[in-house]
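Architecture and fold: a report
One-letter residues, chain by chain:
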Amino acid sequence: MSTEEKSAAPRSLAEALRVRDDVSLAALLRSRPDLITPVPTDLTQLATRAGTRASVVRALERLDRFALQTAEALAVASDPASYGELLALMGGDEADPAVSAALPRAAALLREQALVWGPEDRLRLVRTARELLAPSPQHPSPTGLGPTVREATAGMSPGRIQEILTAAGLPSTHDSVSAVSALAALFADRQRMAALLAQLPEESREVLARLVWGPPYGQVTHDPAHHLRALLDRGLLLPTAPGTVVLPREVALHLRAGRAHRTPEPVPTPVEAAATHRPQVVDATAAGQALAALGVVEELLKEWDEGGPTVLRSGGLSVRDLKRTAVALDVPEPVAAFWVELAYGAGLIASDGEADERYAATPAYDEWRELPPAERWARLAGTWLTATRTPGVVGGRDAKERTLSALGPNLDRSAAPEVRHRVLALLAGLPEGASPTEESVLARLRWERPLRGPRREQRETRESREDDLRTRIARWTLSEAELLGVTGRGALASPGRALIGAPEPSRPAEDPGGPGGHRDPEGPGDKLPVHHHRTPPALAPASAAEQAAATATAARLLEPLFPEPLDHVLLQADLTAVAPGPLERPLAELLGVLADVESRGGATVYRFTPGSVRRALDAGRTAADLHAFLARHSRTPVPQPLTYLIDDVARRHGQLRVGAASAYVRCDDDATLDEILADKRAAGLGLRRLAPTVLAAQADPAALLEGLRALGFAPAAESAAGDVLITRADSHRTPPRTAPEPVPDGPPAPDDTLLAAAIRAVRAGDLASTTPRKPGPGGGEGGAPGGEDGAPGGELPRTGAAETLATMQAAVLTGEALWIGYVNAEGAASQRVIAPIRVEGGFVTAYDHTADEVRTYPLHRITGVAELADDAG
């Protein structure tokens, strides 16, 4: 590099950012949104913020494995390092062509994210990243390399260094610095190092082989064996503490053939296909799952219509209530937790806020129920995709060892939306109709975000026993997507593809089995793994508007896949009714009151029981209404047992009347009341006879109704006027509730408008802070101490009120720009470059170069003013 080129090279990260164009700055701020929260005042502050530990850790966590390996190699390279040195560390002496091809992309990514700066012959890793990734005894490097010879010999006596130099066959020197340099040069020389190792016994080389890939530290006794003494004498092992030795970095790199990593991974782990199905079969299967999902959510809300389980004092469902919900839905408890959380996330259920707080349906549920089925599904699927509440952790423990309950606190995992979206994007990258192997998906995610997984030094011992959170979320995503109908038979369906904004693939109008062979439309598909290196579409979680458009498209694609609603059922002699498909809403609602759902699937089976018939009668239906309803909607004759069941329950229904005195029971048949009084099970109701046909009770009417029903009677509630009260299953609703908001994983990604405004503000602030000023009376800039090379000293200019006013008025006449210090009403100080237009009434109106607009400033808030140097612009 020539002297002129060296002088032109940036000397700091701030200078490197200063020469970037707006497109490059926008890419940086888009990938690291924490840098503009809030917007920095200038590029120096931006560079400072980009080097803070929290920001660097967040940036490193978002690197893929090869980019992270590149950063780790730079952490053990010289500072600064040339691109050739970096390439040698990554590719080794063999110069792996795959590494050579992928390294420019990785280096460009690190540079884009401001983790690396400088020209190619002087690459510098930001100081914080080097501190995080460089090897130390407390924090071993992921590369497995140890300290350099210079670092390892820092506390060694000069005499001992000269002894090592002599034993290694090198001439002695006059000082320790040159001795260490000569030893490091020997270890870095391939030929001389090979000759030195050839002199060692086999046992010594075996010791080096055990330490070469790390950890580089070992233990020795105070009197080491001959083969260890040979290594210590030549400096191939250096002492770091009593009884501890380390393999110098230069020696390890020679033994590794120059490679910093044992296995560089320049190519993304491919996602493999386990089976391939016809796209039509995938879509049909997914549509069936979507329809079943709507049925399960409706069944859940039906169970909780009259008021669901009580809310725990700590929030959420009790274990017992979750088990009851699982039994009612006929699903395992983890699946029940998923459906409960999905309905809660969609705003369909919430706590009612009463004194005896319970969960119940919200008014939004009634609106959702009136939507077309495809739109109802799209709302659920969109909620699932963006929700941070993670039902998979239900039953686990939080940081305080408290059990995590469904609908309770502490279920938010901010990484969940990104992982779900990425898993579906990986499925979208497979050939249409292909379902992936779970392990290949997980391996790909670990390649893309290695630092978000378990700590790499623990992987060998812990990964088989305890997966990291991202891996568990990915597993849950695959199963939940199948439950919800986003995938069918493990492959991404068309509505699911639209849900994440992936382009719809073109389907060849040829062999329905697809190219390459015939497939059984109902079989498991071809069990031939498909290995390929296709890169999935670069899909990122969308904004709210984009997600709304995507869910609308998904609903449009799903609608024709749903079967037409039916207006009939098939009644059977065993008191069941079979719905061979989805039913029209009025039919489904009344049948849901008249019968209990026994099983779901392609066909739903309903069972008629005395309790379900009584429920319909309580809802205001008469026996004649029920007979007419069944006759009208059944494609088979109404079975005689069902007719008898309805007539028998209707005959007894309302024979007893319960009302509010405290509560009373009246009946025209006094023998029935005698039977109730004689029953020992009625003792808890506190019954006593007031008249031959009237009993009074100490229990409230609701408890009295339940108690008499438990005794086998079928009482009806009545009003104060003696009329039968009609109760409805959906009578209890919570007040209006808002759905829970997702917890973001850090600052949200800025949109283009915010990026443009932020870059303009940073550029203008940088102009104000770096523009040369004319020296003030005190020799500094505008009265402040002058900075190096004409740079500002970092302080606001200070001038008196009279001098400020005179300078402003002169600038109005000459049209010159000024540098001012300004303190706003909140007390925040800033530097600005303005071109005064007029000064009057204690205010100055000027074009503000910092804000790129005309503004008016009170003169009393201007701390000082300075003229810009003649060569400022």
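Owing to the predicted nature of the structure, the values given are computational and were not obtained by experimental measurement.

1. Here's the deal with the side chain of Q69
By the secondary structure assignment, Q69 is in helix 6 (residues 65–76). Residue Q69 is classed as buried on the basis of its relative accessible area of 7%. If near-sequence neighbours (up to four positions away) are discounted, Q69 is found in contact with M90, H261, T263, P264 and E265.

2. Some remarks on the sheet that holds strand 25 (residues 862–867)
Spatial ordering of the open sheet is given by 24-23-22-21-25, a layout of five strands whose pairing is antiparallel. Of all strands in the sheet, those with a lone pairing partner are strand 24 (853–858) and strand 25, marking the two edges. Neighbour-to-neighbour, the strand axes of this sheet turn through a mean angle of 45°, independent of strand direction. The sheet contact formed by strand 22 (residues 829–840) and strand 23 (residues 843–848) spans six bridges and is antiparallel. Residue I834 lies in a different strand from strand 23, and its bridge partner there is D848. Relative to the sheet, helix 35 (residues 801–814) contacts strand 21 (818–823), strand 22, strand 23 and strand 25, its axis offset from that of strand 22 by approximately 60°.

3. Considerations on the confidence of the model for the protein
Averaged over the protein, the pLDDT score is 83; the fraction of residues at 70 or greater is 87%. Of all the helices and strands in the protein, helix 24 (residues 459–462) carries the lowest mean pLDDT, 37, while strand 11 (residues 491–492) carries the highest, 96. A low-confidence stretch, residues 453–466 (pLDDT under 50), is modelled with 11 contacts involving residues beyond four sequence positions or located in other chains. Of the regions scoring below 50 in pLDDT, residues 508–539 engages in 57 contacts with residues more than four places distant in sequence or in other chains.

4. Here's the deal with the pattern of salt bridges
Counted by the stated rule, this structure contains 34 salt bridges. With a closest N to O distance of 2.9 Å, R190 and D93 form a salt bridge. Here D93 lies in the loop between helix 7 (83–91) and helix 8 (97–112) and R190 lies in helix 13 (residues 190–198), a separation of 97 residues in the sequence. Among the residues examined, D93 registers a relative accessible area of 49% and is labelled partly exposed. Of the charged contacts, one joins R709 and E706 as a salt bridge, the two residues approaching to 3.8 Å between their closest N and O atoms. Remark: E706 and R709 occur in helix 33 (residues 701–710); sequence separation between them is three residues, near one turn of the helix. Residue class for R709 comes out partly exposed when judged on its relative accessible area of 23%. Each of R62, E418, R449 and R470 takes part in one network of salt bridges that share partners.

5. Some points on the sheet that holds strand 4 (residues 238–241)
Taken together, three strands build an open sheet; the order of strands is 3-5-4 and the sheet is antiparallel. The sheet is open, and its two borders are formed by strand 3 (217–219) and strand 4, each paired with just one other strand. Averaged over all pairs of adjacent strands, the angle between their axes in this sheet comes to 40°, without regard to strand direction. Two elements, strand 3 and strand 5 (residues 244–246), share three bridges in a ladder whose sense is antiparallel. Of the residues in strand 5, the one forming a bridge with Q219 is T244.

Scoring rules and cut-offs
- Residues numbered from 1 in each chain as written.
- Predicted model: local features only at pLDDT ≥ 70, side-chain atom pairs only at ≥ 80, totals over all residues.
- Heavy atoms only, no water.
- Helix = DSSP H or I, 4+ residues; strand = E, 2+ residues; numbered from the N terminus.
- Buried < 20%, exposed > 50% of the residue type's maximum accessible area, 1.4 Å probe, protein only.
- Contact = heavy atoms within 4.5 Å.
- Pairing = 2+ DSSP bridges.
- Axes fitted to C-alpha atoms, helices over the stretch in contact; angles between N-to-C directions.
- pLDDT = per-residue confidence, 0-100.
- Salt bridge = Lys/Arg side-chain N within 4 Å of Asp/Glu carboxyl O.

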